[in-house]
Amino acid sequence: MGRIFRYCFWDLLRSRFVLAYFGFFMLGSLGIFRFAPSASAAFGALLSAVTLLVPLCCLVFGTLYFYQSRGFHELMFAQPIGRAPLCLGQYFALSSALGLAFVLAAGIPMAAYGFSTNGDIGLLAVFVGGGLLLHLAFLALAFWIAVSIEDRLRGFSTSLLIWIALVFGYDALVMGLVMRFSDYPLETGVLAAMLLNPVDLERVLVLMHLDTSALLGYTGAAFQKFFGTRSGTWISLGALSAWILAPLLLFLRKLARKDWQ
């Protein structure tokens with residue numbers, strides 16, 4: 001798996017998509033940090049871009065990357081190498097390439113504009129760490145979709161539908177239920193519902209450290225009220241880790257049973 005990882009990682013670093021991904025976030029981060037009145041305001045603006053674009057890019061590019069590797073898979077399966085080491089090597093290479101682009105695009109503007117206080121560094125760590133977990137989660141989802149759906153168009157469409165559902169539809173559904181049953185105590189249900197969406201978890205991780213959980217309305221206020229900053233961070237990280245492991249396990253199970261003929 002190590003050789004597959006190194007080969008794919010260096011190949012991905014030359015990919016136009018990865019370079020464009022880095023360039024977009026770099027220019028966007030520099031612009032936001034340049035004009036934002038404070039580090040907290042800058043991270044709040046970047047958070048919106050990250051929760052919108054990272055899931056989309058990871059789902060779409062991850063799905064297409066797996067489909068386009070079909071010929072490479074068939075060639076390598078003729079060699080003495082297992083399916084899981086090959087595909088996991090690709091998964092971690094893709095995660096590392098996109099994650100490195102994301103880290104540099106967030107870290108370089110921070111250094112350029114002198115955000116070096118303890119609070120800023122802690123906020124950067126939470127922001128980048130949550131973003132990396134978000135990459136791992138949605139790339140795992142993308143690989144599971146690609147290995148489960150043979151037709152490329154259907155797989156691509158499924159990725160887009162999942163992105164729309166998690167980024168837009170899920171929050172609309174939760175808020176609709178909260179408004180409909182506002183006369184009932186819904187704190188526990190809302191907190192449980194948040195754990196089912198990795199995008200909301202990333203928002204919570206950052207917004208709690210920004211002291212602006214009110215931006216999430218009822219959901220964010222309830223989360224901070226019951227769990228507090230430290231507890232909420234660990235619970236969010238645990239839930240995000242589950243969002244990585246569950247699709248990966250489903251992917252490996254489907255991969256082992258897949259007929260490549």
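In this text the structure is predicted, and so the values were computed from the model without any measurement.

### Topic: the overall build of the protein chain
And then number 1: On a plain count of helices and strands, the protein chain comes out with ten helices and zero strands.
And then number 2: Seen in sequence order, the protein chain has helices and strands lined up from the N terminus as α-α-α-α-α-α-α-α-α-α.
And then number 3: When each of the 261 residues of the protein chain is scored for burial, the buried share is 46%.
And then number 4: In the protein chain, the proportion of contacts linking residues at least 24 apart, taken out of those at least 6 apart, comes to 82%.
And then number 5: Surface exposure of the protein chain reaches about 12800 Å², of which carbon and sulfur atoms provide 67%.

### What about a nonpolar patch on the surface?
And then number 1: On the surface, Leu52, Leu161, Ile164 and Phe168 cluster together to form a nonpolar patch covering roughly 360 Å² of accessible area.
And then number 2: Ranked by the residues each element gives to the nonpolar patch, the list is headed by helix H7 (residues 152-180), at three residues.
And then number 3: Judged by relative accessible area, Leu161 falls into the exposed class, the value being 58%.

### Things to note about the packing of helix H2 (residues 16-35) against helix H5 (residues 83-112)
Axis angle and axis distance: for two packed helices, these are the angle between their axes and the distance between the axes, and together they describe the pair.
And then number 1: Following both chains from N to C, one finds H2 and H5 inclined at 20°, their axes separated by 8 Å at the closest point. On the basis of their axis angle, the class for H2 and H5 is roughly parallel. Seen along the crossing, H2 lies across H5 with a hand that is right-handed. Contacts between H2 and H5 involve Phe17, Val18, Tyr21, Phe22, Phe25, Met26, Ser29, Leu30 and Phe33 from the former and Ala97, Leu98, Ala101, Leu104, Ala105, Ala106, Ile108, Pro109 and Met110 from the latter.
And then number 2: Grouping the constituent residues of the contact of H2 with H5 by class yields 17 nonpolar, one polar and no charged.

### Let's talk about the packing of aromatic side chains
And then number 1: The tally for this structure, following the rule as stated, stands at 15 aromatic pairs.
And then number 2: Between the aromatic rings of Phe9 and Trp10, the centroid separation amounts to 5.4 Å while the plane-to-plane angle is 70°, which identifies the pairing as edge-to-face.
And then number 3: With a centroid separation of 5.4 Å and 85° between ring planes, the pair formed by Trp163 and Phe168 is classed as edge-to-face.
And then number 4: A relative accessible area of 14% places Trp163 in the buried class.
And then number 5: Taking the relative accessible area as the measure of exposure, Phe168 reaches 44% and is therefore partly exposed.

### With respect to the environment of Leu245
And then number 1: By the secondary structure assignment, Leu245 is in helix H10 (residues 217-257).
And then number 2: Since its relative accessible area comes to 53%, Leu245 is described here as exposed.
And then number 3: Between the alpha carbons of Leu245 and Ala137 there is a distance of 8.0 Å; along the sequence they are 108 residues apart.

### A word on H2
And then number 1: Here H2 is 20 residues long and its end C-alpha atoms lie 28 Å apart, about the 28 Å a rise of 1.5 Å per residue gives.
And then number 2: Taken together, the buried positions of H2 are Val18, Tyr21, Phe25, Met26, Ser29 and Phe33. Projected onto a plane normal to the axis of H2, the buried residues spread over an arc of 125° and lie on a single side. Away from its buried face by more than 90 degrees, H2 exposes Arg16, Phe24, Leu27 and Phe35.

### Here's the deal with the nonpolar core
And then number 1: With 72 residues, the main nonpolar core has Leu94, Leu98, Phe127 and Phe138 as its most contacted residues.
And then number 2: Counting residues per element, the ones that place at least two in this core are helix H1 (2-13), H2, helix H3 (39-68), H5, helix H6 (118-148), H7, helix H9 (198-210) and H10.
And then number 3: Top element by residues in this core is H6. It accounts for 17 residues.
And then number 4: When sequence neighbours within four positions are dropped, the list of residues in contact with Phe127 reads Phe43, Leu46, Leu47, Val50, Phe102, Ala106, Glu202 and Val206.

### With respect to the side chain of Ser15
And then number 1: Along the chain, Ser15 turns up in the loop between H1 and H2.
And then number 2: For Ser15, a relative accessible area of 17% translates into the label buried.
And then number 3: Among the polar contacts made by the side chain of Ser15, one reaches the main-chain amide nitrogen of Phe17 at a distance of 3.2 Å.

### Concerning the state of the cysteines
And then number 1: Applying the stated criterion across every chain yields a total of zero disulfides.
And then number 2: Free cysteine: Cys57, not disulfide-bonded; nearest cysteine sulfur from Cys58 at 6.9 Å.
And then number 3: Sulfur of Cys87: no disulfide; nearest cysteine sulfur belongs to Cys8 and is 9.7 Å away.

### Side note on the packing of H1 against H5
And then number 1: Interaxial distance between H1 and H5 falls to 8 Å at its minimum, and their mutual angle equals 35°. Where H1 crosses over H5, the handedness of that crossing is right-handed. Residues Ile4, Phe5, Cys8, Phe9, Leu12 and Leu13 of H1 form the contact with H5, whose own contacting residues are Leu86, Gly89, Gln90, Phe92, Ala93, Leu94, Ser96, Ala97 and Leu100.
And then number 2: A per-class count over the contact of H1 with H5 returns twelve nonpolar, three polar and no charged.

Basis of the calculations
- Residues numbered from 1 in each chain as written.
- Predicted model: local features only at pLDDT ≥ 70, side-chain atom pairs only at ≥ 80, totals over all residues.
- Heavy atoms only, no water.
- Helix = DSSP H or I, 4+ residues; strand = E, 2+ residues; numbered from the N terminus.
- Buried < 20%, exposed > 50% of the residue type's maximum accessible area, 1.4 Å probe, protein only.
- Contact = heavy atoms within 4.5 Å.
- Areas by Shrake-Rupley, 256 points an atom, 1.4 Å probe, with all protein chains shown as cover.
- Patch = residues over 30% accessible without salt bridge, like charges linked within 9 Å, V, L, I, M, F, W, Y side chains within 5 Å.
- Salt bridge = Lys/Arg side-chain N within 4 Å of Asp/Glu carboxyl O.
- Axes fitted to C-alpha atoms, helices over the stretch in contact; angles between N-to-C directions.
- Parallel < 35°, antiparallel > 145°, perpendicular 65-115°, else oblique.
- Left-handed = near helix turned anticlockwise from the far one by under 90°.
- Nonpolar A, V, L, I, M, F, W, Y, C, P; charged D, E, K, R; others polar.
- Phe/Tyr/Trp six-rings, centres within 6.5 Å; stacked < 30°, edge-to-face > 60°.
- Expected span 1.5 Å × (residues − 1).
- Arc of directions from axis to C-beta.
- Core = buried A, V, L, I, M, F, W, Y, C linked by side-chain atoms within 4.5 Å.
- Polar contact = N/O pair within 3.5 Å; in protein donor to acceptor, adjacent residues only side chain to side chain.
- Disulfide = S-S within 2.5 Å.

Coordinates in, geometry out; function isn't part of it.
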